[in-house]
Amino acid sequence: MRIYTRKGDDGTTGLLFGGRVAKNSPRIETNGAVDEAQAALGVARAEAEPGSELEGLLVGLERDLYVLMAEVATADENRHKLVAGTSQVTDAMVEDLERRIDELTERTAMPTEFVIPGANRRAAALDVARTAVRRAERVAVGEPVEGSLVTTYLNRLSDLVWTMARWQEGEVHLEARTTTKKKERR
């Protein structure tokens, strides 16, 4: 398999199920932003312990983003060819994110004020990933597709990644807030 095809030299790229669009089309801008978010989740995954719950969760989210990107890369006239959960975001995928948010929230003391990122490398990497997901969501909102759950998924994903960062901070964020409040009182 050759890495280069030369087909995109004219400034276009191919869509799933056929068709070509400009590389700077809103659809491709959305997929580019999602690609960046997926890579940022990969950086967070590189900080996770191999075989850990965090690593497993991140791998699943990265795979979900392939599904989302397939949907985005499909022309409106070919949406009927999408397969739920394989090339199209489903209600179940969004509900799974919500379930995971609820589970982590139950297990983690959540902050009641603004968070200063950087308590540890895992949490910081997750906070960077969250900002990339939010950017992807902002770009996706510019090209809404009737009946699509892409922006809903990205919105929930950013909430989950924020929650995951707090989970990975563990007691560190509680200690940091206590120390900060003590300094403020002095």
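Being a predicted model, the structure only gives us computed values, none of them experimental.

*Asks:* What's the story with the nonpolar core in this structure? I'm lost.
*Replies:* Within soluble globular proteins, side chains that are nonpolar tend to cluster in buried spots. Counting residues in each nonpolar core, the largest one holds 39 residues, and the members touching the most others are Leu 61, Leu 68, Tyr 153, Leu 154 and Met 164. Listed by contribution, the elements that provide at least two residues to this core are α1 (26–47), α2 (53–72), α3 (91–107), α4 (121–141) and α5 (150–169). Leu 61 has contacts with Leu 41, Leu 97, Tyr 153, Leu 157, Leu 160 and Met 164, leaving out every residue within four places of it along the chain.

*Asks:* For this particular structure, what's the right way to read the environment of Lys 7?
*Replies:* Within the secondary structure layout, Lys 7 lies in the segment before β1 (12–14). Apart from the residues lying within four places of it in its own chain, the contact partners of Lys 7 are Thr 12 and Arg 20.

*Asks:* Where do I start with the environment of Thr 105 in this structure?
*Replies:* Among the structural elements, Thr 105 can be located in helix α3. Each C-alpha atom, one on Thr 105 and one on Arg 166, is 9.0 Å from the other, the two residues being 61 residues apart in sequence. In this structure, Thr 105 is in contact with Met 110 and Thr 163, ignoring residues within four places of it in sequence. Among the polar contacts listed, one links the side chain of Thr 105 to the backbone oxygen of Ile 101, at a separation of 2.7 Å.

Quick notes on the rules
- Residues numbered from 1 in each chain as written.
- Predicted model: local features only at pLDDT ≥ 70, side-chain atom pairs only at ≥ 80, totals over all residues.
- Heavy atoms only, no water.
- Core = buried A, V, L, I, M, F, W, Y, C linked by side-chain atoms within 4.5 Å.
- Buried < 20%, exposed > 50% of the residue type's maximum accessible area, 1.4 Å probe, protein only.
- Helix = DSSP H or I, 4+ residues; strand = E, 2+ residues; numbered from the N terminus.
- Contact = heavy atoms within 4.5 Å.
- Polar contact = N/O pair within 3.5 Å; in protein donor to acceptor, adjacent residues only side chain to side chain.

Remember that the coordinates give geometry; whether it matters functionally is a separate question.
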